[in-house]
Amino acid sequence: EDKVVQSPLSLVVHEGDTVTLNCSYEVTNFRSLLWYKQEKKAPTFLFMLTSSGIEKKSGRLSSILDKKELFSILNITATQTGDSAVYLCAVGMYSGGGADGLTFGKGTHLIIQP
Amino acid sequence: SAVISQKPSRDICQRGTSLTIQCQVDSQVTMMFWYRQQPGQSLTLIATANQGSEATYESGFVIDKFPISRPNLTFSTLTVSNMSPEDSSIYLCSVISGGAYEQYFGPGTRLTVT
């Protein structure tokens, strides 16, 4: 059974701290790993990673994938209260028909205190 | 990325009734998917909406309960049939546009069944 596990499930830090969110996976036919930020209803796309060891960066957020050890991390530096959200990790897999839908982890609920 | 809209944004329905949710994209997309997010849970894939043919359902989801249409490359509907309180969830459509496999989500429909 395909599995995506995120840790920690919740995290409370102070503004300005740096946080690292973890995502490990066990899936067949791995194609890509995606990170999303969910504040209300719709997950907002952050990164998609397909190659091992190549860091993706956007402002204070960065992410890297290790395909040998089957995990990814999402780093947020100099956190702000606006970073408070649920961060979702999802894995996409190859299928005979093309792109499959995503398998999601349970998410990390991040709270940034002023 | 494509601009995705969903209608309705929220609804309160009585048990035993059906609700059809619409997903409209501002450009032609390769793949469309429907997900469900039950209260306090992560996202679960319901089905892949195939243009011009029957949808492909995930384990635990059946066509009689969640009929899906996709008449063209920019539009899809999901119907939640014979609703019960357990169907109270956020329903989200998502799209893949082009060959990059980045998946973007619509704003979601929050459904409450009483």
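Residues numbered from 1 in each chain as written. Chains lettered and ligands numbered in written order. Predicted model: local features only at pLDDT ≥ 70, side-chain atom pairs only at ≥ 80, totals over all residues. Heavy atoms only, no water.

Points about the environment of B:T112
Relative to the helices and strands, B:T112 is located in strand 11 (residues 109-113). Non-local contacts of B:T112, meaning those with residues more than four positions away in its chain, are made with B:D11, B:I12, B:C13 and B:S88. (Helix = DSSP H or I, 4+ residues; strand = E, 2+ residues; numbered from the N terminus. Contact = heavy atoms within 4.5 Å.)

A closer look at the sheet that holds strand 1 (residues 4-7) of chain B
Residues and elements named next belong to chain B. Ordered by their spatial adjacency, 4 strands build an open sheet running 1-3-8-7, and the pairing between neighbours is antiparallel. Of all strands in the sheet, those bounded by a partner on one side alone are strand 1 and strand 7 (68-72). On average, each strand axis in the sheet is tilted by 15° relative to the strand beside it, whichever way the strands run. The pairing of strand 7 with strand 8 (residues 75-80) spans 3 bridges and is classified as antiparallel. Across the sheet, the residue bridging to N72 is F75, located in strand 8. (Pairing = 2+ DSSP bridges. Axes fitted to C-alpha atoms, helices over the stretch in contact; angles between N-to-C directions.)

Things to note about the interface of chain A and chain B
Counting residues at the interface gives 17 residues for chain A and 21 residues for chain B. Interface area, chain A with chain B, both sides summed: about 1,600 Å², of which 61% is carbon and sulfur. In this structure, the connection of chain A to chain B is made through 0 salt bridges. Those elements that place two or more of their residues in the side of chain A that touches chain B are strand 4 (30-38), strand 5 (43-49) and strand 10 (98-104) of chain A. Residue contributions to the side of chain A that touches chain B peak at 5 residues, all from strand 10 of chain A. Grouping the constituent residues of the side of chain A that touches chain B by class yields 10 nonpolar, 3 polar and 4 charged. (Buried area = accessible area lost by both parts, 1.4 Å probe. Salt bridge = Lys/Arg side-chain N within 4 Å of Asp/Glu carboxyl O. Nonpolar A, V, L, I, M, F, W, Y, C, P; charged D, E, K, R; others polar.)

Some points on the layout of surface pockets
The computed volume of the largest pocket comes to approximately 630 Å³. As for the largest pocket, its lining consists of 22 residues, and the residues nearest its centre are A:D2, A:T103, A:F104, B:L43 and B:T44. At the level of elements, strand 1 (3-7) and strand 10 of chain A together with strand 5 (43-49) of chain B are the ones that each hand at least two residues to the lining of the largest pocket. There is about 380 Å³ of room inside the second largest pocket. (1 Å grid on protein atoms, 1.4 Å probe; cavity = no way out; pocket = protein on both sides within 12 Å on 5 of 7 lines; lining within 4 Å. Points joined across faces, edges and corners; volume = space filled by probe spheres on them.)

Topic: the pattern of salt bridges
Residue and element names in this part refer to chain B. Counted under the stated rule, the structure contains 4 salt bridges over all chains. Close ionic contact of D87 with K65 constitutes a salt bridge, the shortest N to O distance being 2.7 Å. Here D87, found in the loop between strand 8 and strand 9 (89-96), pairs with K65, found in the loop between strand 6 (56-57) and strand 7; they are 22 residues apart in sequence, far enough to count as distant. In this structure D87 comes out as buried when scored by relative accessible area, which is 5%. (Buried < 20%, exposed > 50% of the residue type's maximum accessible area, 1.4 Å probe, protein only.)

Note that all results are geometric; they support no functional claim without further evidence.
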